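The residues making up each chain are set out below.
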Amino acid sequence: MTKFKGKGVYGAIAIGNAALFKRQDEQVRRTHVDDIEAEFARFEEAKELATEQLSEIYEKALKEVGETHAQIFEVHMMMLEDDDYNESITNIIRTQSVNAEYAVATTADNFADMFASMEDAYMQARAADVKDISNRLINCLTKGESAGQQMSQKMIICADDLAPSETVSLDKESVLAFVTAYGSSNSHTAILARNMNIPAVIGVGEDFLKAVEDGKRIIVDGYTGEIILEPDAETESAMQKKQEDDLHKKSLLQELKGKENVTLDGTKVNIYANIGGVDGVGAVLANDAGGIGLFRSEFLYLESPDYPTEEQQFTAYRKVLESMMGKKVIIRTLDIGADKQIDYFNLDKEENPALGFRAIRICLTRPEIFKTQLRALYRASAFGNLGIMFPMITSVSEVEKILTVCEEVKAELKEAGVPYDENTEVGIMIETPAAAVISDRLAPLVNFFSVGTNDLTQYTLAIDRQNAKLEPFCDTHHEAILRLIEMSAKNAHAHGAWIGICGELAADTTLTEAFLRMGIDELSVSAPFVLPLRDAVRKLDLSK
Ligand code: PEP
Ligand code: MG
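Please read all numbers here as calculations on a predicted model, not as lab measurements.

Thresholds applied
- Residues numbered from 1 in each chain as written.
- Chains lettered and ligands numbered in written order.
- Predicted model: local features only at pLDDT ≥ 70, side-chain atom pairs only at ≥ 80, totals over all residues.
- Heavy atoms only, no water.
- Helix = DSSP H or I, 4+ residues; strand = E, 2+ residues; numbered from the N terminus.
- Rg over C-alpha atoms; globule rule 2.2 N^0.38 Å.
- Areas by Shrake-Rupley, 256 points an atom, 1.4 Å probe, with all protein chains shown as cover.
- Pairing = 2+ DSSP bridges.
- Axes fitted to C-alpha atoms, helices over the stretch in contact; angles between N-to-C directions.
- Core = buried A, V, L, I, M, F, W, Y, C linked by side-chain atoms within 4.5 Å.
- Buried < 20%, exposed > 50% of the residue type's maximum accessible area, 1.4 Å probe, protein only.
- Contact = heavy atoms within 4.5 Å.
- Near = heavy atom within 4 Å.
- Polar contact = N/O pair within 3.5 Å; in protein donor to acceptor, adjacent residues only side chain to side chain.
- Nonpolar A, V, L, I, M, F, W, Y, C, P; charged D, E, K, R; others polar.
- Expected span 1.5 Å × (residues − 1).
- Arc of directions from axis to C-beta.
- Phe/Tyr/Trp six-rings, centres within 6.5 Å; stacked < 30°, edge-to-face > 60°.
- Lys NZ or Arg CZ within 6 Å of the ring centre and 35° of its normal.
- Donors = N, O, S within 2.8 Å, 3.2 Å for Na, K, Ca; no water.
- Salt bridge = Lys/Arg side-chain N within 4 Å of Asp/Glu carboxyl O.

A.B. asks: Give me the overall build of the protein chain: which residues, what numbers.
C.D. replies: For the protein chain, the helix and strand inventory stands at 21 helices and 16 strands. Taken against the 2.2 N^0.38 rule, which gives 24 Å for 544 residues, the C-alpha radius of gyration of the protein chain at 26 Å falls within 12% of a compact globule. By its C-alpha atoms, the protein chain is 80 × 65 × 45 Å across when sized along the principal axes. About 24700 Å² of surface is accessible on the protein chain, with carbon and sulfur atoms providing 50% of the total.

A.B. asks: I'd like a description of the sheet that holds strand S9 (residues 270-275), backed by residues and values.
C.D. replies: If you walk around this closed barrel you meet the eight strands as S9-S10-S11-S12-S13-S14-S15-S16, and the pairing is parallel. Here the strands of the sheet are splayed against their neighbours by 25 degrees on average, with no regard to which way each runs. Across four bridges, the pairing between strand S10 (residues 291-296) and strand S11 (residues 328-332) is parallel. The residue of S11 that forms the bridge with Arg 296 is Arg 332.

A.B. asks: Outline the nonpolar core, listing residues and values.
C.D. replies: Here is a general trend for soluble globular proteins: nonpolar side chains tend to be buried in one another's company. Core analysis: the biggest nonpolar cluster contains 87 residues, and Leu 374, Phe 390 and Phe 515 have the highest contact counts within it. Apart from the residues lying within four places of it in its own chain, the contact partners of Phe 515 are Leu 482, Ile 485, Ile 501, Leu 505, Ala 506, Ile 520 and Leu 523. In terms of nonpolar packing, the next biggest core, distinct from the first, is built from 34 residues, Leu 54, Leu 80, Ile 133 and Cys 140 among them.

A.B. asks: Give me the lowdown on the site of ligand 1, citing residues and values where you can.
C.D. replies: Around ligand 1, 14 residues are found, and the nearest of them are Arg 296, Arg 332, Gly 452, Asn 454 and Arg 465. Contacts to ligand 1 include Lys 340, whose side-chain N or O atom sits 3.4 Å from an oxygen atom. One nitrogen or oxygen atom from the main chain of Thr 453 is found 3.1 Å from an oxygen atom belonging to ligand 1. When isolated, ligand 1 has an accessible area of 290 Å², and the protein chains bury 98% of it. Secondary structure elements with two or more residues in the shell around ligand 1: S10 and helix H18 (453-461). Looking at side-chain class alone, the shell around ligand 1 contains three nonpolar, four polar and seven charged residues.

A.B. asks: Any details on helix H12 (residues 310-323)? Residues and values, ideally.
C.D. replies: Along an α-helix, residues three or four apart share an orientation, since each turn contains 3.6 residues. Taking 1.5 Å per residue, 14 residues should reach 20 Å; H12 reaches 20 Å between its end C-alpha atoms and fits that length. What H12 keeps buried is the set Glu 310, Gln 313, Phe 314, Ala 316, Tyr 317, Val 320 and Leu 321. Considered in projection along H12, the buried side chains sweep an arc of 165 degrees and stay on one side of the axis.

A.B. asks: Residue-level account of the packing of aromatic side chains, with values.
C.D. replies: Two measures describe an aromatic ring pair: the distance that separates the ring centres and the angle between the ring planes. In this structure the tally under the stated criterion is eleven aromatic pairs. Residues Tyr 85 and Phe 111 carry aromatic rings whose centres are separated by 5.8 Å and whose planes lie at 85 degrees to one another, so their mutual orientation is edge-to-face. Of this pair, Tyr 85 sits in helix H3 (residues 83-96) while Phe 111 sits in helix H4 (residues 100-116), and the two are 26 residues apart along the sequence. On the accessibility criterion, Phe 111 (16% relative accessible area) is buried. Residues Tyr 301 and Phe 345 carry aromatic rings whose centres are separated by 6.2 Å and whose planes lie at 50 degrees to one another, so their mutual orientation is tilted. Of the two residues, Tyr 301 is situated in helix H11 (residues 298-302) and Phe 345 in the loop between S11 and helix H13 (360-365); the sequence distance between them amounts to 44 residues. Residue Phe 345 is classed as buried on the basis of its relative accessible area of 3%. Among the aromatic side chains, those forming a connected cluster through ring pairs are Tyr 301, Tyr 307, Tyr 344 and Phe 345. One Lys or Arg, Arg 30, reaches over the ring of Tyr 102 and ends 4.9 Å from the middle of that ring.

A.B. asks: Account for the coordination of the magnesium ion (ligand 2), with residues named and values stated.
C.D. replies: Note on metal sites: the ideal angle is 109.5 degrees for four tetrahedral donors, and 90 or 180 degrees for six octahedral donors. At this site the magnesium ion (ligand 2) is bound by Glu 431 (OE) and Asp 455 (OD), with donor distances of 2.1 to 2.2 Å. Residue Glu 431 is located in the loop between strand S13 (425-430) and helix H16 (433-437), and its partner Asp 455 is located in helix H18; the two are separated by 24 residues in the primary sequence. Under the relative-accessibility criterion, Glu 431 is labelled buried at 2%.

A.B. asks: So what's going on with the sheet that holds strand S6 (residues 200-202)? Residues and values would help.
C.D. replies: As summarised here, the arrangement of the eight strands in space is S1-S8-S7-S3-S4-S5-S6-S2, forming an open sheet in which the pairing is mixed. Unpaired on one side and paired on the other, strand S1 (2-5) and strand S2 (7-10) mark the two borders of the sheet. Neighbouring strand axes in the sheet, compared pairwise and without regard to direction, differ in orientation by 30 degrees on average. Judged from the five bridges that link them, strand S3 (residues 13-20) and strand S7 (residues 217-221) form a sheet pairing that is antiparallel. For Ala 14, the partnering residue across the bridge sits in S7 and is Val 220.

A.B. asks: Which residues make up the side chain of Arg 126, and what are the values?
C.D. replies: One can find Arg 126 in helix H5 (residues 121-141). Looking at Arg 126, the relative accessible area reads 8%, which means it is buried. One polar contact links Arg 126 to Asp 129, side chain to side chain, over a distance of 2.5 Å.

A.B. asks: So, the side chain of Lys 47: which residues are in play, and what are the values?
C.D. replies: Within the fold, Lys 47 resides in helix H1 (residues 36-65). Exposure remark for Lys 47: the relative accessible area of 8% places this residue in the buried category. Leaving out residues up to four positions away in the same chain, Lys 47 has contacts with Leu 80, Glu 81, Asn 86 and Leu 137.

A.B. asks: I'd love a proper account of the pattern of salt bridges, names of residues and values included.
C.D. replies: Should the charged atoms of two oppositely charged side chains come close, the side chains can pair. Under the counting rule described, the total for this entry stands at 36 salt bridges. Notably, a salt bridge pairs Glu 39 with Arg 42, separated by 2.5 Å at the nearest N-O pair. With Glu 39 and Arg 42 both in helix H1 and three residues apart, this pair spans about one turn of that helix. Overall, Arg 42 belongs to the partly exposed group, its relative accessible area being 30%. For Lys 131, the salt bridge goes to Asp 109, with nearest N and O atoms at 3.9 Å.

Purely geometric stuff here, so don't read any function into it on its own.
Encoded structure:
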């Protein structure tokens, strides 16, 4: 029995036999060609075939994992048409008089190296995409087929890494789980695994690949990231028990879908989910959340090589609103700075970035960025039930300035005849002690508060949330934090505003009773916590 440790990207347990992922031999030989034009024609033909295959995979993905995740294959089709990529291939064929396979493989290596050397984790993950489309092209050049692996029984797929198209090509019915030696949790492969509900552990390391063989017994724990190769009988039966308990717990929770978030004595609370991008909506719906309580819009900026345009933002916000079909969607305006740095913003290095130039401070200083986002948001408001929320508030004057900009944006849209929802709710995050203490002054200005307990904890307890060494000092249930939340709830309600909690503490079921007694109206948590929280709420009796 040998244990390996990786990163779990989807929480579930699988026990079965290993199947090493087989792909076509990708060794490409360099051969001299005399007829360059004929080689160009071969390349064009292969590109056409690759596009056809990708469009078939896109249709399959559309059915199995939904449009958001299928889009990567549209991106692959676009990458195949990319001018720089194509120019590199044709240049290599022309200048070196070599075969198209070699030109594609060399271009793939160069482009993948370039992506891998970028600082941005999202761009790094694109190295896998360029390799994926290039392998497909090479297969098409050699007339090979990139079909999914056929298996007679359910197996645990073990691979060095899996490209997005390889992941989706796997026959879902015959895959118990997958384990990869490499890979980043930001990659589309990890995202697809979560969405396909397949237990998955990535980044297990090279030693695992050396040790695993076809047919070897293997246990995958997607919760802990632990992989057990050739488990002894005792370990296997203990893990079987853990798996049964897990499945049982999940099936019980599934029964809560469609049920109300109501305590035994009839107190109701909204349970919403947090997302970081359009991709998150699938999990929100799958877990039956009543809405989206926090869309961290800065991820749109983090994933973009330059400022996302008004149109790009509008498209993303509209998509989320339409997918939620009238349920509340609260989008938080840009919250960068501190731990979320973006190169193209050119922010100065700071001694104390968490106490620095971040979030609303940047937006109010750079109104062109702020107004672009607000225009996109208000335009999107015509397509669903939007709430706009502002982060890192410390004063009344900040909120007044924000509201003035909102009015300007709405007036401009009205003037231009662009539709927007006049009733769009506006709220602020309570994530500084200052905001909580003056919440009686802030509440009359807005429709809602949402408590960001992650930052409220860091600022109240003077504990840097990034510093792992401070964890022993971090009492997330500290009376000071709970009093600030209670004070904010009282002040919100006294002025006709509602109040939610969207920080991690919202999912802490040992506090659910306290939050409901404070009159918290909404709790917004990561999607997998929606049903466990509903379960906790339904077992409470506040009349006692
Ligand atoms: C918070 O601070 O609690 C919060 C929800 O915002 P973030 O974690 O994005 O800072
Ligand atoms: Mg915060």
